[in-house]
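Chain residues, written in single-letter form:
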Amino acid sequence: MFHDQNLSDPQLIAFSRNFGELDPPGPNPYGKPFLAAHPELNVISNVVEDGKPIGNLGDGEAVWHADMTYVEVPPKAAMLHSLEVPPPGAGGNTYFANMLAAYDTLPAELKKAADGRIAVHDASTNSAGMLRMGYRQVTDVRDVVGARHPLVRTESMSGRKALFLGRRPNAYVLDLPAPESEALLDALWAHATQPRFAMCHEWQVGDVLMWNNLSVLHRRDPFDPNARRIMHRSQIKGDERIN
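Let me begin by describing the structure that accompanies this report.

Calculation criteria
- Residues numbered from 1 in each chain as written.
- Predicted model: local features only at pLDDT ≥ 70, side-chain atom pairs only at ≥ 80, totals over all residues.
- Heavy atoms only, no water.
- Salt bridge = Lys/Arg side-chain N within 4 Å of Asp/Glu carboxyl O.
- Helix = DSSP H or I, 4+ residues; strand = E, 2+ residues; numbered from the N terminus.
- Buried < 20%, exposed > 50% of the residue type's maximum accessible area, 1.4 Å probe, protein only.
- Pairing = 2+ DSSP bridges.
- Polar contact = N/O pair within 3.5 Å; in protein donor to acceptor, adjacent residues only side chain to side chain.

## Some remarks on the pattern of salt bridges
Link 1 in the chain: In the structure shown here, the tally under the stated rule is 10 salt bridges.
Link 2 in the chain: For Glu84, the salt bridge identified is with Arg228, shortest N-O distance 2.8 Å. Of this pair, Glu84 sits in strand 6 (residues 77-84) while Arg228 sits in the loop between strand 15 (216-220) and strand 16 (230-236), and the two are 144 residues apart along the sequence.
Link 3 in the chain: Across the salt bridge formed by Glu155 and Arg153, the nearest N and O atoms sit 3.8 Å from each other. For the residue pair Glu155 and Arg153, the accessibility class agrees, reading buried in each case.
Link 4 in the chain: Put simply, Arg168, Glu182 and Asp186 are held in one network by salt bridges that share partners.

## With respect to the sheet that holds strand 6
Link 1 in the chain: Strand order in the open sheet formed by 5 strands is 4-1-16-6-14, and the pairing between neighbours is mixed. Bordering the open sheet on either side are strand 4 (56-57) and strand 14 (208-212), each of which pairs with just one other strand.
Link 2 in the chain: Here strand 1 (residues 42-45) pairs with strand 16 via 4 bridges, running antiparallel. Within strand 16, the residue paired with Val43 across the bridge is His232.

## A closer look at the sheet that holds strand 12 (residues 172-173)
In a beta sheet, neighbouring strands are held together by backbone hydrogen bonds and run either parallel or antiparallel to one another.
Link 1 in the chain: Pairing within the open sheet is antiparallel, and its 3 strands lie in the order 9-8-12. The outermost strands of the open sheet, each flanked by one partner alone, are strand 9 (148-150) and strand 12.
Link 2 in the chain: Here 2 bridges tie strand 8 (residues 118-120) to strand 12, and the two strands are oriented antiparallel to one another. Residue Ala119 lies in a different strand from strand 12, and its bridge partner there is Val173.

## Some remarks on the environment of His149
Link 1 in the chain: Residue placement: His149 occurs in strand 9.
Link 2 in the chain: Sequence separation between His149 and Arg241 is 92 residues, and the spatial gap between their C-alpha atoms is 8.6 Å.
Link 3 in the chain: Looking at His149, its side chain comes within polar contact range of the main-chain oxygen of Thr69, at 2.8 Å.
Link 4 in the chain: One polar contact links the side chain of His149 to the main-chain carbonyl oxygen of Val71, over a distance of 3.0 Å.

Structure below.
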């Protein structure tokens, strides 16, 4: 994480490319890029100009999630550059939870239940719960549409295991009755999102923050709708299937 960075969009793109090829943002509920000149970037914002949102996710709470795990090869990292933020104490902070530590401390019975299981990661909604264009509302988790990934992944470089949960809403563990899938996922999420695995980042204007999307969950606090929050976001293309 770096403070006091005054980056233009081309500079953010150039810096991000030091870590690999960029992945374009996932589909947003409005159907087109927020930055037509720089479609590699996404805009995270609650600001509305001329009656139209200039960005995605608004000012409500964003649930714990990893980004774009509903695709076969999710991005391996993400970067946020803060341009405008709510005043201190007004919310809008971002929390990160370590899924390596979460797996290491799983009770033995949960490890046994999770190891070898595959989950479907829902593609229909974003992390604020908004339905994406072209998708139908999920009414039965057994019908969820999205990529299939193991609940436990192995890091290619370290060999360590990490929980790989993606997003809780509409997730489904294959080959289990829906109630058993729900119970297993509820138990894993309750464990993984404990405060002992998490840290909080309180944003300042000019912060540039990067994280490992494959071994970390993140979420955002809600904040005052009258406060402006604008962030530009890049993500680094993944280079491995989850295993």
